There are 2 protein chains.
Amino acid sequence: MPKPPSFTARAPGDPRPRMIAIDWGTTSLRGVRIDAQGHISEQRALPQGILQVELGGFADAFAQHFGDWLAEDPQLCLLSGMVGSRQGWQEAPYCPCPADFSALCQQLLWLDVPQGVPTAIVPGMSSLAHNQVDAVHDVPDVMRGEEIQVIGALRLMDSRDGLLLLPGTHSKWVQAQNSTITGFKTFMTGELFALLAQHSILGKTLDSSAALEEAAFIQGLDRAQSPDTLSHLLFGTRALSLFGALDPAQSASYLSGLLIGQELHTMPAPAGSRVAVIGSSTLVQRYSLALRHVGCEAVAFGDEATWAGHHAIYDHLTQTTTSTPQSPP
Amino acid sequence: MPKPPSFTARAPGDPRPRMIAIDWGTTSLRGVRIDAQGHISEQRALPQGILQVELGGFADAFAQHFGDWLAEDPQLCLLSGMVGSRQGWQEAPYCPCPADFSALCQQLLWLDVPQGVPTAIVPGMSSLAHNQVDAVHDVPDVMRGEEIQVIGALRLMDSRDGLLLLPGTHSKWVQAQNSTITGFKTFMTGELFALLAQHSILGKTLDSSAALEEAAFIQGLDRAQSPDTLSHLLFGTRALSLFGALDPAQSASYLSGLLIGQELHTMPAPAGSRVAVIGSSTLVQRYSLALRHVGCEAVAFGDEATWAGHHAIYDHLTQTTTSTPQSPP
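Along every chain, residues carry numbers that run from 1 in the direction the sequence is written. Chain letters start at A and ligand numbers start at 1, both assigned in the order the entries are written. Given that this is a predicted model, residues contribute local features only at a pLDDT of at least 70 and side-chain atom pairs are listed and counted only at 80 or more, while totals for whole chains, interfaces and linings are drawn from all residues. The side-chain numbers reported here are obtained from all heavy atoms of the structure, hydrogens and water having been left aside.

Chemist: Help me understand the side chain of Arg30 of chain A, please; the structure alone is not making it clear to me.
Modeler: All names here are of chain A. Each helix is a run of H or I in the DSSP string that is no shorter than four residues. Each strand is a run of E no shorter than two, and both are numbered from the N terminus. Relative to the helices and strands, Arg30 resides in strand β2 (residues 29–34). Here Asp303 takes part through its side chain, which lies 2.6 Å from a polar atom of the side chain of Arg30. Apart from the residues lying within four places of it in its own chain, the contact partners of Arg30 are Ala21, Ile22, Asp23, Arg44, Ala45, Asp303, Thr306 and Trp307. Whenever a nitrogen or oxygen atom comes within 3.5 Å of another N or O atom, the pair is scored as a polar contact, on the condition that within protein one atom can donate a hydrogen and the other can accept it, and that pairs from neighbouring residues in sequence are kept only if both atoms are in side chains. Contact definition: two residues touch when any of their heavy atoms are within 4.5 Å.

Encoded structure:
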């Protein structure tokens, strides 16, 4: 396995780009080129998730989509997301939580790449949860790709602490203290919504393509505060439809409110606190509404958090390693 | 709509059968003939659920499968289950809960049937739950087919009170006091298990056809006592698999334990109490194990509860109505 290279930041006048930052997920491949001044100079997004790449074909697929950028001799190329999973390019072992930023940098998985650009996969993180129940049962949690967004959002907020929420297929709630990720939890909220809308009895009376109906969403949020388990609350969506209390668009929003509400219910942010919400605009809108409904403030981030996280690693590597030049791997 | 007929019980020497009892669900059609002595003399089971019958085709389908029984001139034919839903033969309005046995009998939906046998659909039941949270949000619950099993199980136990559990696609917990169904709750446990095993990320590392692994099932039951919402606990199944802590057979049992455990967690039966569990032997086995694990006693019932419930209605109708003969509808 290649060893980590040592870097120094390029001289201010050097016109070559700093880095290529890639987020390679299950169903999509996105990348940016960060120029000599530290700005994003170009972006690419392709429907080439890791599931669309044959095992052993990752180097070729990467060269095909980003070979021209690699030819510009950037100082670093970083990849984050599911590309580091067992089904990806190469498995990057999870970095155990709690972990600070430099621990993550030390555990970058350096790849052999023919183009001569030092290239690494950002590891995911694993945790054993810290409350008593979880400690008793030793149930781990994992994430890949969210850790870099958290680092980026903290940098954009110029903060070392925070509660961060990354909604999606598998929503993550992440706690950071003193630039250390101290804990996180995954909720299958997005996947459950899709499963229920597409395959369950609820789907028969639900229009998942409808726009958000705010009143029904709030009704679902409030209902989710019940001590009842989700498997009971979900059936209420069906019963309300049967009695004509929810039309198909309202049903979809109510169900969304139920699922998101239970996330908030069991991972409470104290009223008045600020939560960074990182994700697509549609999801950020829903979670921000939910957070405001329980008296919290939401600060929204999109893709910029990902790229800021990658850039933070570049800065870390070029500032903290020895100034003695070494050959790249 | 036909009016209810009046009955008197047949003379002891009358050889004609008492009744035909039918349970017509979403995916199956089962029936029994109850003879002059009150015993089940014949059973039939067909894969002809209401989804397999065209709208308007129910009378013909019924005559096709049970015409020979109807020709024996039974005194009564009763149908229970989804046959009384909007997608069934004819919609039987829900009987509001709480309801005692005679309320249910008064709300039987009598059908026009050409064969001249008085035939009725047993109504389902609807409830607004009674705890404060539910009352605030006015979320109803519904069942169709379980009400008759509850009546039957109480009769078989010679009891007027009890906590009854009917596991299945949509599990029901039912409370009875003084021969009155006072409340019930539905959990989408069976449907969620199937959805997750067939369509979710959990399905990738789960063998839902494997036999129950008792230790993993208990591990899931214990984990379900966590205050965390199901959408977080479910992801733990994935993480435990990733770390090699659960093999595919264990994953299926653990997931089953999680889902059943959350049912028990939020619908607690006090330790030492007795719960009647009515269902298929596979499900009764799992729920009985779960109940014993929390210190309760499980009393198991199968199909006999359904038929005992039907027979109880026969007895009620023939004992309580006027002895003046009236023509059947």
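Chemist: Is there a simple way to think about the interface of chain B and chain A in this case?
Modeler: Each side of the interface is counted separately: chain B has 46 residues, and chain A has 46 residues. In this description, buried area is defined as the sum, over both parts, of the accessible area (probe of 1.4 Å) that is lost when the two are combined. Per-residue buried area on chain B facing chain A is highest for Met188, Ser231 and Phe235 of chain B; these three make up 14% of the total on that side. A pairing counts as a salt bridge when a side-chain nitrogen of Lys or Arg comes within 4 Å of a carboxyl oxygen of Asp or Glu. The interface formed by chain B and chain A contains 2 salt bridges. The salt bridge involving Lys185 of chain A is made with Asp228 of chain B; its shortest N-O contact spans 2.7 Å. There are 12 residue pairs in polar contact (both at pLDDT 80 or more) connecting chain B and chain A. Elements with a minimum of two residues in the side of chain B that touches chain A: α3 (132–137), β10 (140–143), β13 (180–187), α5 (189–199), α6 (214–223), α7 (230–242) and α8 (248–266) of chain B. Take the side of chain B that touches chain A: its biggest share by element is 9 residues, from α7 of chain B. For the side of chain B that touches chain A, the class distribution of residues is 21 nonpolar, 15 polar and 10 charged. Residue polarity is assigned by list, with Asp, Glu, Lys and Arg as charged and Ala, Val, Leu, Ile, Met, Phe, Trp, Tyr, Cys and Pro as nonpolar; anything else, Gly included, falls into the polar class.

Chemist: Where do I start with the sheet that holds strand β2 (residues 29–34) of chain B in this structure?
Modeler: Pairing between the strands of a sheet comes from backbone hydrogen bonds, and it takes one of two forms, parallel or antiparallel. All names here are of chain B. Strand order across the open sheet formed by 6 strands is β3-β2-β1-β4-β8-β7, with mixed pairing between neighbours. Here the strands that pair on one side only, and so sit at the sheet edges, are β3 (40–46) and β7 (109–111). The average angle at which neighbouring strand axes cross in this sheet is 20°, direction not considered. Whether two strands pair depends on DSSP finding at least two bridges between them. As judged from the 3 bridges shared by strand β4 (residues 76–80) and strand β8 (residues 119–121), these two strands associate in the parallel manner. Residue pairing for β8: Leu78 is matched across the bridge by Ala120. In this analysis an axis means a line fitted to C-alpha atoms, helices contributing only their contacting stretch, and an angle means the value between N-to-C directions, from 0 to 180 degrees. Running over the sheet, helix α1 (residues 58–70) touches β1 (19–24), β2, β3 and β4 and is turned about 150° from β3.

Chemist: Where do I start with the sheet that holds strand β6 (residues 99–100) of chain B in this structure?
Modeler: Residue and element names in this part refer to chain B. As summarised here, the arrangement of the 6 strands in space is β6-β13-β12-β11-β14-β15, forming an open sheet in which the pairing is mixed. Because the sheet does not close on itself, it has two edges, and the strands there are β6 and β15 (297–301). Contacts from α8 reach β11 (162–166), β12 (171–177) and β13, with the element oriented near 25° to β12.

Chemist: I keep staring at the environment of Glu72 of chain A and nothing clicks. Help me out?
Modeler: Residue and element names in this part refer to chain A. Along the chain, Glu72 turns up in the loop between α1 (58–70) and β4 (76–80). With a relative accessible area of 29%, Glu72 lands in the partly exposed category. Considering only alpha carbons, one finds Glu72 and Pro15, 57 residues apart in sequence, at a separation of 9.9 Å. Leaving out residues up to four positions away in the same chain, Glu72 has contacts with Arg16, Pro17 and Arg33. Within polar-contact distance, the side chain of Glu72 engages the side chain of Arg33 at 2.4 Å. Working definition: with a 1.4 Å probe on protein chains only, accessible area under 20% of the residue-type maximum means buried, over 50% means exposed, and in between means partly exposed.

Chemist: Would you mind going over the domain arrangement of chain A with me for this structure?
Modeler: Accessible area lost upon the coming together of the parts is a frequently used measure of interface size. Residue and element names in this part refer to chain A. Structurally, chain A comprises domain 1 (19–161 + 305–320) and domain 2 (187–301). Just the C-alpha atoms count here: the centres of domain 1 and domain 2 sit 30 Å apart. With 6 residues of domain 1 in contact, the opposing surface of domain 2 contributes 4 residues. Across the domain 1 to domain 2 interface the summed buried area is about 430 Å²; carbon plus sulfur atoms make up 85%. Linking domain 1 to domain 2 there are 0 salt bridges. On inspection of domain 1 and its partner domain 2, the count reaches 0 residue pairs in polar contact (both at pLDDT 80 or more). Examining the composition of the side of domain 1 that touches domain 2, we find that 5 residues originate from one element, helix α4 (residues 146–157), more than from any other. Classifying every residue of the side of domain 1 that touches domain 2 by side-chain character gives 5 nonpolar, 1 polar and no charged. Here the limits of each domain have been adopted from an automatic or database domain assignment.

Chemist: Can you walk me through the relation of the copies chain B and chain A in this structure?
Modeler: The operation linking the two copies of the chain is a rotation about an axis combined with a translation along the axis. Each copy superposes on the other: chain B lies on chain A with an RMSD of 0.0 Å after a rotation of 180° and an axial shift of 0.0 Å. A rotation of that kind, with that shift, is consistent with a two-fold axis. Most of the interface of chain B is mirrored in chain A, where 100% of its interface residues again form contacts. Each copy is superposed on the other by least squares, with the fit set by C-alpha atoms of residues at a pLDDT of at least 70 in both.

Chemist: Looking at this structure, how should I read the packing of aromatic side chains?
Modeler: Both the distance between ring centres and the angle between the ring planes are used here to describe each pair of aromatic rings. Aromatic contacts are taken between Phe, Tyr and Trp rings whose centres are within 6.5 Å, Trp giving its six-membered ring; a plane angle under 30 degrees counts as stacked, one over 60 as edge-to-face, and the others as tilted. Summed over the entire model, instances satisfying the criterion amount to 16 aromatic pairs over all chains. Their ring planes at 40° and their centres at 5.4 Å tell us that Phe62 of chain A and Phe66 of chain A sit as a pair that is tilted. Separated by 4 residues within a single helix, Phe62 of chain A and Phe66 of chain A lie in helix α1, roughly one turn from each other. Grouping residues by exposure puts Phe62 of chain A and Phe66 of chain A together as buried. On the basis of an interplanar angle of 55° and a centroid distance of 5.7 Å, the ring pair of Phe62 of chain B and Trp89 of chain B is categorised as tilted. Separated by 27 residues along the polypeptide, Phe62 of chain B in helix α1 and Trp89 of chain B in the loop between β4 and β5 (95–96) bring together distant segments of the chain. There is no split in this pair, since Phe62 of chain B and Trp89 of chain B are both buried. A connected cluster of aromatic rings, assembled from ring pairs, spans Trp24, Phe58, Phe62, Phe66, Trp69 and Trp89 of chain A. Over a ring means this: the NZ of a Lys or the CZ of an Arg is within 6 Å of the ring centre and within 35 degrees of the ring normal. In this arrangement the basic side chain of Arg144 of chain A is found over the ring face of Tyr94 of chain A, its NZ or CZ atom lying 4.2 Å from the centre.

Chemist: Help me out: how do you make sense of the state of the cysteines in this one?
Modeler: Working definition: the covalent bond between the sulfur atoms of two cysteines is a disulfide. Put simply, a disulfide is two cysteine sulfurs that come within 2.5 Å. A full pass over the atoms with the stated rule returns 0 disulfides over all chains. Free cysteine Cys77 of chain A: the closest other cysteine sulfur is in Cys105 of chain A, separated by 15 Å.

Chemist: Is there a simple way to think about the nonpolar core in this case?
Modeler: Note on soluble globular proteins: their nonpolar side chains tend to be buried together. Residues belong to one nonpolar core when they are buried, are Ala, Val, Leu, Ile, Met, Phe, Trp, Tyr or Cys, and are joined through side-chain atoms within 4.5 Å. Core analysis: the largest hydrophobic core is formed by 50 residues, its most contacted members being Leu192 and Leu234 of chain A together with Leu192 and Leu234 of chain B. Not counting residues up to four positions away in its chain, the partners in contact with Leu192 of chain B are Leu192, Leu196, Ser231 and Leu234 of chain A together with Leu230 and Leu259 of chain B.

Chemist: Is there a simple way to think about helix α9 (residues 281–293) of chain A in this case?
Modeler: Working note: α-helix, 3.6 residues per turn, so residues spaced by three or four point in the same direction. To estimate the expected span of a helix, count its residues, drop one, and scale the result by 1.5 Å. Across its 13 residues, α9 of chain A extends 18 Å between first and last C-alpha, which sits within 8% of the 18 Å expected from 1.5 Å per residue. By the burial criterion, the buried members of α9 of chain A are Val284, Arg286, Tyr287, Ser288, Leu289, Ala290 and Leu291 of chain A.

Chemist: How do you make sense of the side chain of Glu147 of chain A when you look at a structure like this?
Modeler: Assignment of secondary structure puts Glu147 of chain A in helix α4. Excluding residues within four positions of it along the chain, Glu147 of chain A makes contact with Leu104, Val122, Pro123, Gly124, Met125 and Ile181 of chain A.

Chemist: Just checking my understanding: could you explain the packing of helix α6 (residues 214–223) of chain A against helix α8 (residues 248–266) of chain A for this structure?
Modeler: The relative placement of two packed helices is expressed as an angle between their axes plus a distance between the axes. Residue and element names in this part refer to chain A. As a packed pair, α6 and α8 sit with axes 7 Å apart at the nearest point and diverge in direction by 35°. In this structure, α6 meets α8 at a crossing whose hand is right-handed. When α6 is examined against α8, the residues Ala216, Phe217, Gln219, Gly220, Leu221 and Arg223 are found in contact with a partner set consisting of Gln250, Ser253, Tyr254, Ser256, Gly257, Leu258, Ile260 and Gly261. Grouping the constituent residues of the contact of α6 with α8 by class yields 6 nonpolar, 7 polar and 1 charged. Take the far helix as your reference; a near helix turned counterclockwise from it by less than a right angle gives a left-handed crossing, and one turned clockwise gives a right-handed crossing.

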